[in-house]
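# Fold and contact review
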Amino acid sequence: MSGEDPHVHVGEDVINAHAAIRTTIASTFGLAADLPAFVSTGCGLRVPYAMTSAHPESVTCLPCREHAHRRHLRFAEQVERIGRMPGASVHGLQADRAAAIHRDLARRFSDGAPDPGN
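Here goes a summary of the coordinates provided. (Residues numbered from 1 in each chain as written. Predicted model: local features only at pLDDT ≥ 70, side-chain atom pairs only at ≥ 80, totals over all residues. Heavy atoms only, no water.)

### Side note on the environment of Ala54
When you line up the elements, Ala54 lands in the loop between strand E2 (46-48) and helix H2 (62-83). Taking relative accessible area as the criterion, Ala54 reaches 21% and is therefore assigned partly exposed. Placed 40 residues apart in sequence, Ala54 and Val14 show a C-alpha to C-alpha distance of 6.5 Å. (Helix = DSSP H or I, 4+ residues; strand = E, 2+ residues; numbered from the N terminus. Buried < 20%, exposed > 50% of the residue type's maximum accessible area, 1.4 Å probe, protein only.)

In structure tokens, the structure reads:
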């Protein structure tokens, strides 16, 4: 990566990258892991963590947006499939709501990327 990359990327593991997951783990166990200095991205680069975002409106790298779009759609399908299994911890309306949230995120990632110059 060159120091002149103006793009905001998405972490390769965009589904688990959200701060809410880290907060839940921290509140459950009373521990918080240090954030990494550099992360692998959806486009295959390794960039400073500060140059990534899980918010679709902030991500300006088009390959990262496409990666996040695919990952959120795949996760929505998995949640729905698991929600139909007997004994699943997430089921019915819970699974439908979670899938809808990830489909909305996928849609937002597929919309046009913001201009990195703004």
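### Description of H2
For H2, built from 22 residues, the straight-helix expectation of 32 Å at 1.5 Å per residue is met to within 8% by its first-to-last C-alpha distance of 32 Å. All buried positions along H2 are accounted for by Cys64, Arg65, His67, Ala68, His72, Ala76, Val79 and Gly83. Each buried residue of H2 sits inside an arc of 165° when the element is viewed along its axis, so together they form one side. The secondary structure elements touched by the buried residues of H2 are helix H3 (92-110). (Expected span 1.5 Å × (residues − 1). Arc of directions from axis to C-beta. Contact = heavy atoms within 4.5 Å.)

### A few points about the pattern of salt bridges
Per the stated rule, a full pass over the model turns up six salt bridges. Across the pair Arg71 and Asp13 runs a salt bridge, and its minimum N-O distance is 3.5 Å. Residue Arg71 is located in helix H2, and its partner Asp13 is located in the segment before helix H1 (19-29); the two are separated by 58 residues in the primary sequence. Given a relative accessible area of 37%, Asp13 falls into the partly exposed group. In this structure, the salt-bridge partner of Arg107 is Asp111, at a minimum N-O distance of 3.2 Å. Take Arg107: its relative accessible area is 42%, and that puts it in the partly exposed class. (Salt bridge = Lys/Arg side-chain N within 4 Å of Asp/Glu carboxyl O.)

### Considerations on the packing of H2 against H3
Geometry of a packed helix pair, given as the angle between the helix axes and the separation of the axes. Running from N to C, H2 and H3 cross one another at 170°; their axes reach a closest spacing of 8 Å. When the axis of H2 is compared with that of H3, the two are roughly antiparallel. Along its contact with H2, which presents Arg65, Ala68, His69, His72, Leu73, Phe75, Ala76, Glu77, Val79, Glu80 and Gly83, the element H3 presents Gly92, Ala95, Ala98, Ala99, His102, Arg103, Leu105, Ala106, Arg107, Arg108, Phe109 and Ser110. In terms of residue class, the contact of H2 with H3 is built from 11 nonpolar, six polar and six charged. (Axes fitted to C-alpha atoms, helices over the stretch in contact; angles between N-to-C directions. Parallel < 35°, antiparallel > 145°, perpendicular 65-115°, else oblique. Nonpolar A, V, L, I, M, F, W, Y, C, P; charged D, E, K, R; others polar.)

### Side note on the state of the cysteines
On inspection of all chains with the given rule, the structure shows zero disulfides. Just so you know, Cys64 is unpaired, no disulfide at all, and the nearest cysteine sulfur is the one on Cys61, 3.7 Å from it. Residue Cys64 is classed as buried on the basis of its relative accessible area, which comes to 0%. (Disulfide = S-S within 2.5 Å.)

### Quick look at the side chain of Ser53
Mapping Ser53 onto the fold places it in the loop between E2 and H2. Within the structure, the side chain of Ser53 is placed 3.0 Å from the backbone nitrogen of His55, a separation counted as a polar contact. Not counting residues up to four positions away in its chain, the partners in contact with Ser53 are Val8, His9, Val10, Ser58 and Val59. (Polar contact = N/O pair within 3.5 Å; in protein donor to acceptor, adjacent residues only side chain to side chain.)

Interpretation in functional terms is not warranted from these geometric data alone.
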